Each structure stands twice: as C-alpha cells, then as structure tokens.
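Observations on chain architecture
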Amino acid sequence: MLKDWEQLPEELQLAEVKPYYEILKKKKLSLILKRIFDIVVSFVMLIILSPVFVFLGIAIKIDSKGPIFFRQERITQYGKTFKIFKFRTMVNNAEKLGTQVTVGNDARITKVGKFIRDCRLDEIAQLLNILTGDMTFVGTRPEVRKYVNHYTKEMMATLLLPAGVTSLASIYYKDEAKLLDKSNNPDKTYIEEVLPGKMKYNLQSIKEFNFFEDIKIMLKTVVAVIK
C-alpha cells in the first residue's frame with residue numbers, strides 16, 4: 001500500500017511526483033492484488049524451480065570461483081536500499097573490474113554466465129526479493145545509487161512502487177548491453193541516452209497502472225524471452 005503523502009521521504013514530496021502519486025492513490029485494489037499475486041506466485045515458483053536453482057548453483061561453482069549469487073545494493077520503493085539476488089554470471093568481484101553496466105561482449109562474463117544471461121535465468125533468483133517485498137514482478141528495474149542520483153525530479157515518481165523484475169522498458173531495451181558495447185563511455189551513454197528512454201516507458205506505466213496491465217506485461221516478457 002502507498003504511504004500517506006506526508007509520510008513519504010522528502011526527496012519524493014515533489015510537485016513533479018504528486019500527479020503520479022494521485023494516480024496510484026486511486027488504484028488501491030490493484031495495489032492489493034499486485035502484492036497478493038507477488039507473494040503467492042513467487043512462493044509457488046520458488047518451489048517449482050528449486051531443481052533449476054540447484055542445477056544453476058552447481059554449474060556456477062564448477063565454472064568459476066566465487067559465490068552462487070551476485071548480491072548488489074539497489075534502490076527500491078521510497079528510496080530504500082536492498083540487496084538484489086541474481087545468479088552470478090561474471091567473475092567474482094566483477095563490479096570492481098569495470099563499469100556497473102554490462103556491455104555486449106563483456107570479458108567479465110563467464111562461460112556458464114553467458115548461457116544463463118542468454119536464457120535470462122539470472123533474473124529468476126529475484127523471486128526471493130519478490131517474496132520479501134523488496135521487489136515486484138512488474139515495475140521499474142532497480143538501479144544502483146549511482147544512477148538514481150541522476151534521476152530527474154519526475155523520474156523520482158518511479159520510486160513510489162517497488163522495483164520490478166520486468167517492465168515495458170525491460171522488453172524494449174532487452175538488447176541494452178549491445179547498445180552500450182558500441183560506446184566509448186558506457187556509463188555516460190547509459191545515463192544520458194538509455195536511462196531517459198527507459199524512464200519514459202516506466203513513467204507511462206505508472207499513468208496506466210492496473211493489476212491486469214501487469215499481467216499483460218508479464219506475458220509480453222515471456223514472449224520476448226522466447227523470441
């Protein structure tokens with residue numbers, strides 16, 4: 001559920017954010033259904049996919065040294081910091097060896113990691129984040145603080161809801177890594193070109209938010225992954 005306007009962090013109590021807040025305030029039923037769906041479906045999927053978790057864990061450990069999961073601080077609802085779960089697809093401590101965005105032919109990606117990334121299997125670990133409430137199935141992808149610091153005032157509206165595993169922006173920018181691979185400065189390209197483009201979709205999704213629209217986006221994501 002949404003907090004009262006006066007209870008929001010000061011960085012969200014902005015004139016540019018208020019219109020989005022008013023839209024979501026009228027969608028209480030959809031917000032309740034969204035959370036119930038997140039809890040039930042993430043719990044069931046964790047049980048069903050437990051053999052996949054075991055298989056990926058073994059493959060990752062055999063392929064390279066380091067932990068099974070990649071944990072990194074990201075930003076979610078109301079600017080809260082949390083640690084995201086992802087199956088590790090890069091060498092250990094990869095974030096210290098290069099940029100925080102991943103380019104297409106990133107040398108840090110392991111052999112098993114390339115397969116996992118191509119099949120989008122690294123993201124299924126985020127079922128754990130969904131179950132705990134730090135994330136939701138459909139919503140703005142969680143960014144590191146470095147990139148959130150570059151949000152415009154209007155972009156801050158995306159922090160009214162929990163960060164998501166997928167979104168229209170995720171679908172339309174699924175080849176983001178290839179785009180960044182062509183850049184001499186991936187961080188700058190991401191902040192100045194990719195982030196604003198993705199945020200247009202994210203902000204539009206808030207304006208059109210309802211529970212059944214979320215289901216549509218999830219189905220579109222499945223089709224995009226299969227393609």
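Attention here is on the structure that accompanies the text. What you see is a predicted model, and the numbers here were worked out from it, not measured in a lab. (Residues numbered from 1 in each chain as written. Predicted model: local features only at pLDDT ≥ 70, side-chain atom pairs only at ≥ 80, totals over all residues. Heavy atoms only, no water.)

Considerations on empty space enclosed by the protein
By the definition in use, this model includes four cavities of 30 Å³ or more. In this structure, the largest cavity is lined by 18 residues; those nearest its centre are V138, G139, L161, S205 and I206. Listing elements by their share of the lining of the largest cavity, those giving two or more residues are helix 9 (186–207) and helix 10 (211–226). Partitioned by chemical class, the residues of the lining of the largest cavity number seven nonpolar, seven polar and four charged. Considering only enclosed or pocket space, the second largest cavity measures out at about 60 Å³ in volume. (1 Å grid on protein atoms, 1.4 Å probe; cavity = no way out; pocket = protein on both sides within 12 Å on 5 of 7 lines; lining within 4 Å. Points joined across faces, edges and corners; volume = space filled by probe spheres on them. Helix = DSSP H or I, 4+ residues; strand = E, 2+ residues; numbered from the N terminus. Nonpolar A, V, L, I, M, F, W, Y, C, P; charged D, E, K, R; others polar.)

Examining the packing of aromatic side chains
All told, the structure shown has 10 aromatic pairs when counted by the stated rule. Summarising the aromatic geometry, the rings of F37 and F211 are spaced 5.6 Å apart at their centres and angled 70° between planes, so their arrangement reads as edge-to-face. Of this pair, F37 sits in helix 2 (residues 28–48) while F211 sits in helix 10; the two residues are 174 residues apart in sequence, bridging distant segments of the chain. On the accessibility criterion, F211 (12% relative accessible area) is buried. Plain terms: the ring middles of F211 and F212 are 5.4 Å apart, the flat faces sit at 70° to each other, and that makes the pair edge-to-face. Since its relative accessible area comes to 59%, F212 is described here as exposed. Sitting over the face of the ring of W5, K18 holds its NZ or CZ atom 4.9 Å from the ring centroid. (Phe/Tyr/Trp six-rings, centres within 6.5 Å; stacked < 30°, edge-to-face > 60°. Buried < 20%, exposed > 50% of the residue type's maximum accessible area, 1.4 Å probe, protein only. Lys NZ or Arg CZ within 6 Å of the ring centre and 35° of its normal.)

Section: the layout of surface pockets
A volume near 230 Å³ is recorded for the second largest pocket. In terms of lining residues, the second largest pocket is bounded by 13 residues, among which M1, L31, R35, Q77 and P162 are the most central. Elements with a minimum of two residues in the lining of the second largest pocket: helix 2 and strand 3 (135–138). Of the residues forming the lining of the second largest pocket, the biggest block, five residues, is contributed by helix 2. Taken together, the residues of the lining of the second largest pocket break down into seven nonpolar, three polar and three charged.

Looking at the side chain of R141
Note on placement: R141 falls in the loop between strand 3 and helix 6 (145–148). A distance of 3.3 Å separates a polar atom in the side chain of R141 from a polar atom in the side chain of E123. Engagement of the side chain of R141 in a polar contact is seen with the backbone oxygen of G164, the distance being 3.1 Å. Ignoring sequence-local partners within four residues, the contact set of R141 consists of I84, K86, E123, Q126, M135, G164, V165 and S170. (Polar contact = N/O pair within 3.5 Å; in protein donor to acceptor, adjacent residues only side chain to side chain. Contact = heavy atoms within 4.5 Å.)

Examining helix 3 (residues 50–63)
The end-to-end C-alpha distance of helix 3 is 20 Å, a good match for the 20 Å that 14 residues give at a rise of 1.5 Å each. Of all the positions in helix 3, only F53, L56, G57, A59 and I60 are classed as buried. At its buried positions, helix 3 is contacted by helix 2, strand 1 (69–75), strand 2 (81–87) and helix 4 (111–118). (Expected span 1.5 Å × (residues − 1).)

Let's talk about the environment of I68
Relative to the helices and strands, I68 resides in the loop between helix 3 and strand 1. Look at I68 and you get partly exposed, because its relative accessible area is 29%. Measuring from C-alpha to C-alpha, the distance between I68 and R88 comes to 5.7 Å, with 20 residues separating the pair along the chain. Beyond its immediate sequence surroundings of up to four residues, I68 is in contact with G57, I60, K61, K86, F87 and R88.

A word on the packing of helix 2 against helix 3
Two elements in contact, helix 2 and helix 3, have axes whose closest approach is 4 Å; the angle formed by their N-to-C orientations is 55°. Here helix 2 is positioned oblique relative to helix 3, judged by the angle of their axes. Counted together, L46, I47 and I48 of helix 2 and S50, P51 and F53 of helix 3 form the full contact between these two elements. Across the contact of helix 2 with helix 3, the residue classes break down as five nonpolar, one polar and no charged. (Axes fitted to C-alpha atoms, helices over the stretch in contact; angles between N-to-C directions. Parallel < 35°, antiparallel > 145°, perpendicular 65-115°, else oblique.)

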